[in-house]
Amino acid sequence: MQSYVFPGNLDPSIAAIGAQPIPYMRTDEFSAVNKASEQMLLQLIHCTGGRTIIYTGSGTGAMSAVIENYVSTKKKALVIDGGSFGHRWWDLCGYYGIDAVHYEVPFAKDIDYADLEARMAAERPDVFLCQHHETSSGQLFNLERISALCRKFSVSLVVDVISSFLCEPLSMDAYGIDICITSTQKGLNIPPGLSILFFSKALDGYPFARKGYYWDFETNFSNLKRGQTPFSPATSIYLQLNARLKQLMAEGGEDKNIADVRHRCDTFRALCRKYGWEVPAEVPSVAITGFQTRDMDRKVFRGLIEKYDTFIMPGAVPGFYRVSHMGLQTDAELEELALHIHELESQA
Ligand SMILES: *Cc1c(COP(=O)(O)O)cnc(C)c1O
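Residues numbered from 1 in each chain as written. Predicted model: local features only at pLDDT ≥ 70, side-chain atom pairs only at ≥ 80, totals over all residues. Heavy atoms only, no water.

*Asks:* What is the right way to look at the nonpolar core in this model?
*Replies:* Across soluble globular proteins, nonpolar side chains have a tendency to be buried as a group. Residues I80, L116, F128, I146 and F165 are the most contacted members of the largest nonpolar core, which totals 48 residues. Discounting residues that sit within four places of it in the chain, I146 has contacts with I111, Y113, F128, C130, F141 and L157. Among the nonpolar cores identified, the runner-up in size contains 31 residues, and I53, Y70, V79 and F199 belong to it. (Core = buried A, V, L, I, M, F, W, Y, C linked by side-chain atoms within 4.5 Å. Buried < 20%, exposed > 50% of the residue type's maximum accessible area, 1.4 Å probe, protein only. Contact = heavy atoms within 4.5 Å.)

So this is what it looks like as structure tokens:
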């Protein structure tokens, strides 16, 4: 099987952990694993003196946790809605009755930052919700500019970095981000099942709300102080996370991983030019390539599965596909993938 989705092709040594016997988790050994994972995660995202919560639950669970515990303590949110993941922030605000400003950005377009500034000046939100990389289109937003606006208007910044962590340069310290969210099946490229919240030191002692039992920050913090989780963890994935983090640190940290992702991306984008597939994103992230083919009836998607046991992701627009660069992939594998897509798209 070849996988260009989330996760992509796994490192065999990480995958093998999933087949091992599962140890009991209420032990000092498991606590030590989680304490070590927390320190490595904080280092990789540059969050000095910060804290994490590692949940058993997908990324949307952690987004929901942020709304329940944090955004609900604020007066007004501003939501960047530039695709299906931005729209999820908006949906969550509606679900929890949060007063929010809907800032819509057209598909695959960058934010008009001058217009955003005017909107912030007029609306005066006190918390800002966005994605770093809108995975549905491949568009990367400019965190430096967003961060400068949040500082100017004293707005707390919360960023969903689920598909940019370890793929794009990112520093919570430099951008003054209060909370970041990621999950295991994206940049970390291990099985889905865990999501991670990063809290800046500025939030130490913050009076969080308590509006959802499972995701409650205080309950999770008090257990994580000793490396434990309040409820049954997906033990194997916590062990895979720890092994993957150790591997990342040993290989040269986030810079080496970002360089690898960028190389795969550059290789595949050159193939897109060769076969005439346009990349619509105004500022495309290297994490994935979203590209427009001439295939209007999912021949490529189905053909890849049926003929080649290969997975890529369809998008919202006919003929638009996404290939993730977060998993392991060689130049030769990408050349073969592009050739197969080209052949399938050309079939009548
Ligand atoms: C994958 C992803 C999510 C989370 O989706 P889940 O299905 O809950 O894992 C959220 N935001 C972004 C930007 C993503 O790429």
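Having seen the model, we can carry on.
*Asks:* How do you make sense of the site of the ligand when you look at a structure like this?
*Replies:* As a structural note, the neighbourhood of the ligand is formed by 14 residues, with S58, T60, T135, D160 and K186 the closest of them. Between the ligand and T135, the relevant distance is 2.5 Å, taken from an oxygen atom to a side-chain nitrogen or oxygen of the residue. D160 is positioned with one of its side-chain polar atoms (N or O) 2.6 Å from a nitrogen atom of the ligand. Alone, the ligand offers 380 Å² of accessible surface; in the complex the protein occludes 88% of this. Mapped onto the shell around the ligand, the elements with two or more residues apiece are α3 (59-69) and α4 (84-95). Residue contributions to the shell around the ligand peak at three residues, all from α3. In terms of residue class, the shell around the ligand is made up of three nonpolar, eight polar and three charged. (Near = heavy atom within 4 Å. Polar contact = N/O pair within 3.5 Å; in protein donor to acceptor, adjacent residues only side chain to side chain. Areas by Shrake-Rupley, 256 points an atom, 1.4 Å probe, with all protein chains shown as cover. Helix = DSSP H or I, 4+ residues; strand = E, 2+ residues; numbered from the N terminus. Nonpolar A, V, L, I, M, F, W, Y, C, P; charged D, E, K, R; others polar.)

*Asks:* Would you explain unusual backbone geometry in this entry?
*Replies:* Outside of glycine, negative phi angles account for most residues, and trans bonds account for most peptide bonds. In this structure, P7 follows F6 across a cis peptide bond, with omega equal to 0 degrees. Of note, P7 is situated in the loop between β1 (2-3) and α1 (12-17). In this structure, N189 takes a positive phi of about 55 degrees despite not being glycine. Within the element layout of this structure, N189 appears in the loop between β9 (179-183) and β10 (194-199). Of note, R298 is a non-glycine position whose phi angle comes to about 60 degrees, a positive value. When you line up the elements, R298 lands in the loop between β11 (288-292) and α11 (299-308). Overall, the relative accessible area of 45% leaves R298 in the partly exposed class.

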